[in-house]
Amino acid sequence: MALQQAHSHTDPADTKDCLTAPKPGCYVPAVTFFDPDTDQLCLDAQAKYSYLASTGLSWLVILGTNAETFLLTSEERMTLLGLARRSVPKGYPIIAGVSGHSTAQVLELISDAYNASANYALVLPCAYFGKQTTSAVVRSFYKEVASVSSLPIIIYNFPAVCNGLDLDANIITDIVKEAPNVIDSQSPVSQWCGGQSDFLFGGLASGSAGCIAAFGNVFPKAVIRIYELWAGGQHDEALALQKLVASAETATKAGIASTKYAAADFTAPKAGISDGVRLLKPRRPYKEPSDAVKRSIQTVMEVLHREE
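The model shown is predicted, which means the values in this text are computed figures rather than measured ones.

Q: Residues and numbers for the environment of V300, please.
A: With respect to the helices and strands, V300 occurs in helix 11 (residues 291–307). A sequence separation of 52 residues divides V300 from A248, and the C-alpha atoms of the two residues are 5.6 Å apart. Once residues within four sequence positions are removed from consideration, V300 is found in contact with S247, A248 and A251.

Here it is in structure tokens:
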């Protein structure tokens with residue numbers, strides 16, 4: 001079956017029967033570099049961070065939750081998408097986070113992502129007014145967005161940033177049936193990709209196609225290796241490595257500050273970024289981890305660092 005191409009002008013309503021999900025594998029929502037003195041994007045470091053595309057990761061997610069996307073201006077979002085497309089190898093696929101609080105915002109962001117040559121649009125449910133975000137609102141939102149989107153839509157279920165709204169199997173199934181141009185990202189029943197690497201092995205065992213994992217910013221090759229071992233039938237080896245990854249990932253569960261520090265410590269140097277710890281502090285007003293948390297991250301991840 002053919003996939004609707006990113007720059008196809010086919011009516012989305014005509015694509016449902018030929019729409020396919022991105023290929024199986026491991027994806028990473030790339031973090032964002034800021035100069036802490038100016039609070040502006042650090043584009044030189046960001047361009048070097050395209051190193052992730054050389055690690056074996058199947059795709060990059062630009063402007064996902066771990067990019068601190070809701071802390072960015074519209075212009076900064078466009079800048080990061082354009083920079084990513086120019087920095088990765090030709091033809092390397094990109095998923096663009098295009099979430100907003102209204103249908104109008106999301107459609108504008110999809111248009112920007114389309115113009116930046118993204119391949120898919122990753123869309124959280126609208127949930128700013130939590131109590132008013134009923135299942136009917138969610139269904140109509142995705143249906144309207146998908147009906148005019150110039151990119152295939154991936155549903156992104158992340159209750160922690162959506163007022164606790166959790167898309168269950170029934171509502172996701174309804175959306176996928178009703179809306180053209182939509183791919184399910186995290187349905188418990190028909191799962192395309194899980195959202196963390198610490199249950200990658202379990203996800204694969206239950207039918208997942210891979211993961212979109214923030215921890216891929218820290219140890220991309222280890223995450224990919226779990227997938228490769230599983231795909232090659234080496235399940236015992238995959239499980240052993242999964243245990244190491246899950247143990248190390250625990251240190252980043254506190255949030256974006258810990259994830260960015262770990263990426264600065266273990267990945268940024270490999271990308272040729274010498275001052276990653278300074279440039280990967282969270283954007284204002286959020287704070288970097290305490291010294292005690294930093295030491296804990298270094299200690300917990302040292303075993304996996306040697307493994308990778």
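That covers the picture; the talk isn't over yet.
Q: Describe the side chain of R283, and please don't skip the residues or the numbers.
A: Mapped onto the elements of the fold, R283 is located in the loop between helix 10 (276–279) and helix 11. At 2.9 Å, the side chain of R283 forms a polar contact with the backbone oxygen of L71. In terms of polar contacts, R283 uses its side chain to reach the side chain of E76, at 2.8 Å. Once residues within four sequence positions are removed from consideration, R283 is found in contact with F34, D39, Q40, E68, L71, L72 and E76.

Q: Let's hear about the nonpolar core: which residues, and what values?
A: I62, I95, V98, Y142, I153, F215 and M301 are the most contacted members of the largest nonpolar core, which totals 99 residues. Sort the elements by how many residues they give to this core and helix 7 (residues 220–231) lands first, with six residues. Among residues more than four places away in sequence, those in contact with F215 are S197, V223, V245, A248, E249, T252, M301 and L304.

Conventions and cut-offs
- Residues numbered from 1 in each chain as written.
- Predicted model: local features only at pLDDT ≥ 70, side-chain atom pairs only at ≥ 80, totals over all residues.
- Heavy atoms only, no water.
- Helix = DSSP H or I, 4+ residues; strand = E, 2+ residues; numbered from the N terminus.
- Contact = heavy atoms within 4.5 Å.
- Polar contact = N/O pair within 3.5 Å; in protein donor to acceptor, adjacent residues only side chain to side chain.
- Core = buried A, V, L, I, M, F, W, Y, C linked by side-chain atoms within 4.5 Å.
- Buried < 20%, exposed > 50% of the residue type's maximum accessible area, 1.4 Å probe, protein only.

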